[in-house]
Amino acid sequence: MNNAEALPANKQTGRAAAPRGPKGSLIMGVMREFNRDMLEFVTRCRDYGDVVHTRFLWIHAFFLYHPNDIESMLVTNAKSYHKPRSFRSPFFYRLAGNGLVTSDGEFWRRQRRLAQPAFHRQRINAYGDVMVQYTQRAMAAWKHGEHRDVARDMARLALEIVVKTLFNSDVSQDADHVGATLSELVKPFASQATLKWILDNRLPTPGHRKYFNEVAEIDRIIFRIIAERRASGYDQGDLLSMLLEAQDEDGTQMNDKQLRDEVITLFVAGHETTALSLAWSWYLLATHPQAEQKFHRELDEVLAGRTPNVSDLPKLKYTEMVAKEAMRLYPPAYAVGREAIEETEIGGFRVPKGTQLFAFQWVTHRDPRYFDEPEAFKPQRWENAEQIPKFAYFPFGAGPRQCIGNYFAMMEIILLLATIGQRFRFSLDPSHKVEVLPALSLRPKNGIKVIVESHKAQS
Ligand code: HEM
């Protein structure tokens, strides 16, 4: 990269006023390079330094690669930032509204306070049996020797689990409908830095109209579910009941619009990411026989043929390391963004107000400075987790905006890996090439096609 952009030095301090980085074209900035191959582009940008300055159209962006700077943005100096500009686009806002992922400031703080009890470990543990039962139900149809797309299976299963834990519903057509429509709806978010995205966002194109009609349909269903639940006044043990009952110190509760925003947020944030962690874990196990053997051995030893439950979690250490290592190599949330709400400083550089900052799990999780043999799948590296710099690994983010569903997700991933791994193993379909697609989360482009094999316990 020789087309570097370096802004003039600050006269008072003598240091660079902005970090170096790729300039791109006069009008578009780096939009084209970014869209051509996003993961490759943001990886290549690290060659400019740990803090990189670049531009999309008129929007200035910093890319952060060093754990200290990631910590600064997400934790120690979190007050200088809020969520990035793309979250405030009319398109995104119409879907996610002022939910936990997208809101900021005092409003977010109150919502987080209200939602937190619903994610208390004890409450979440109660969902463990649902997770295992639903998995057993799904597996009942799998046969030795059959070809399946394990990414699709995991997506379906995680969807059923989130619908059950959010709405306590599994037969309701409404919940299925909301699930299917929402999954369709998030597709346009696959690439936000394109002209099509910008146009759809601002003009009444056919894509724009279709999208808004679908969101309106989802709203009608969710508002009806909320009204029915309010009328019944009955705690069904699901997340919706918890959110309905949540009260602030002054006794105020969420109104229907707020509940709707949170339900949609949990739905979107809570199922694709988890399904993808599982899908990538199966892919890595299928392609690493030694790790796979260790995984099965642990399941045979710990469970001895018994159905897993939450009390097994602390004993399923290798399974947990498989999940962590899969999220290192294939982090479902592969980037995290912020916008500077005031002038501030990062890595010794001035950050002008309005700058968009991004850290990429995809890049930092594979940085050879922090991970020995960074491209290798080595679950055992997590036995010495203390040797890994804290902010070199951040699949769930960090600081005040860290994933509220972190424990829920880890529990679901480990329990599903154990429940399935106890009965089956997968080998990769040799005719199928697995490719990475950085959509809203990090997807396998054409799924993960496998051949199912029954697993017999090794005694
Ligand atoms: C493997 C699965 C998951 C991954 C990798 C993941 C990743 C993340 C990340 C990186 C963030 C922080 C974003 C930022 O700082 O801008 C986040 C926030 C969030 N996640 Fe997750 N997540 C997962 C599962 C879940 C689940 C299961 C739920 C809910 C049931 C959930 C709900 C949320 C919510 C509500 C937030 C916003 C929290 C706030 O800002 O207060 N996530 N997630």
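In case you missed it, the structure is sitting above this.
The text that follows walks through the structure, step by step, so that each part is easy to find.

About the cut-offs
- Residues numbered from 1 in each chain as written.
- Predicted model: local features only at pLDDT ≥ 70, side-chain atom pairs only at ≥ 80, totals over all residues.
- Heavy atoms only, no water.
- Near = heavy atom within 4 Å.
- Polar contact = N/O pair within 3.5 Å; in protein donor to acceptor, adjacent residues only side chain to side chain.
- Helix = DSSP H or I, 4+ residues; strand = E, 2+ residues; numbered from the N terminus.
- Nonpolar A, V, L, I, M, F, W, Y, C, P; charged D, E, K, R; others polar.
- Donors = N, O, S within 2.8 Å, 3.2 Å for Na, K, Ca; no water.
- Buried < 20%, exposed > 50% of the residue type's maximum accessible area, 1.4 Å probe, protein only.
- Pairing = 2+ DSSP bridges.
- Phe/Tyr/Trp six-rings, centres within 6.5 Å; stacked < 30°, edge-to-face > 60°.
- Expected span 1.5 Å × (residues − 1).
- Contact = heavy atoms within 4.5 Å.
- Axes fitted to C-alpha atoms, helices over the stretch in contact; angles between N-to-C directions.
- Parallel < 35°, antiparallel > 145°, perpendicular 65-115°, else oblique.

### A word on the site of the ligand
As a structural note, the neighbourhood of the ligand is formed by 26 residues, with Lys 83, Trp 108, Arg 112, Arg 401 and Cys 403 the closest of them. A distance of 2.7 Å separates an oxygen atom of the ligand from a polar side-chain atom of Trp 108. In the environment of the ligand, an oxygen atom lies 2.8 Å from a nitrogen or oxygen atom belonging to the side chain of Arg 338. Those elements that place two or more of their residues in the shell around the ligand are α5 (105–115), α13 (256–286), β7 (336–340) and α17 (406–421). Of the residues forming the shell around the ligand, the biggest block, 6 residues, is contributed by α13. When grouped by side-chain class, the residues that make up the shell around the ligand number 15 nonpolar, 7 polar and 4 charged.

### Topic: the coordination of the iron atom of the ligand
For the iron atom of the ligand, the protein contributes exactly one donor atom, Cys 403 (SG), at 2.3 Å. The topology assignment puts Cys 403 in the loop between α16 (361–364) and α17.

### Structural notes on the pairing of strand β4 (residues 59–64)
The element β4 is largely enclosed, with a buried count of 5 among its 6 residues. In the sheet, strand β3 (residues 51–56) pairs with β4 via 6 bridges, with the strands oriented antiparallel. Across the sheet, the residue bridging to Val 51 is Leu 64, located in β4. What sits between the antiparallel neighbours β3 and β4 is a turn of 2 residues, in which Leu 57 has the positive phi angle 50°. Relative to strand β10 (residues 356–359), β4 runs parallel, the two being bridged by 4 bridges. Residue pairing for β10: Ala 61 is matched across the bridge by Gln 356.

### Notes on the packing of aromatic side chains
Under the counting rule described, the total for this entry stands at 17 aromatic pairs. When the ring of Tyr 65 is compared with that of Phe 360, the centres are 6.3 Å apart and the planes differ by 35°; the resulting orientation is tilted. Within this pair, whereas Tyr 65 is found in the loop between β4 and α3 (67–76), its partner Phe 360 is found in the loop between β10 and α16, the two being separated by 295 residues in sequence. For the residue pair Tyr 65 and Phe 360, the accessibility class agrees, reading buried in each case.

### Concerning unusual backbone geometry
Here Leu 57, not a glycine, exhibits a phi torsion of approximately 50°, which is positive. One can find Leu 57 in the loop between β3 and β4. The class of Leu 57 is buried, set by a relative accessible area of 13%. Backbone geometry places Glu 373, a non-glycine residue, at a positive phi of 45°. One can find Glu 373 in the loop between α16 and α17.

### Observations concerning helix α7 (residues 128–139)
For α7, which comprises 12 residues, the first-to-last C-alpha distance of 17 Å matches the rise-based estimate of 16 Å (1.5 Å per residue) to within 8%. Among the residues of α7, those classed as buried are Gly 128, Val 130, Met 131, Val 132, Tyr 134, Thr 135 and Met 139. The inward-facing, buried residues of α7 abut α6 (121–125), α8 (150–167), α17 and β11 (424–428).

### Examining the packing of helix α14 (residues 289–303) against α17
Look at α14 against α17: their axes get within 10 Å of each other, and the N-to-C directions meet at 90°. By the angle class used here, α14 and α17 are roughly perpendicular. Contact with α14, carried on its side by Phe 295, His 296, Leu 299 and Leu 303, involves Leu 417, Ala 418 and Gly 421 of α17 and no other residues of that element. Grouping the constituent residues of the contact of α14 with α17 by class yields 5 nonpolar, 2 polar and no charged.

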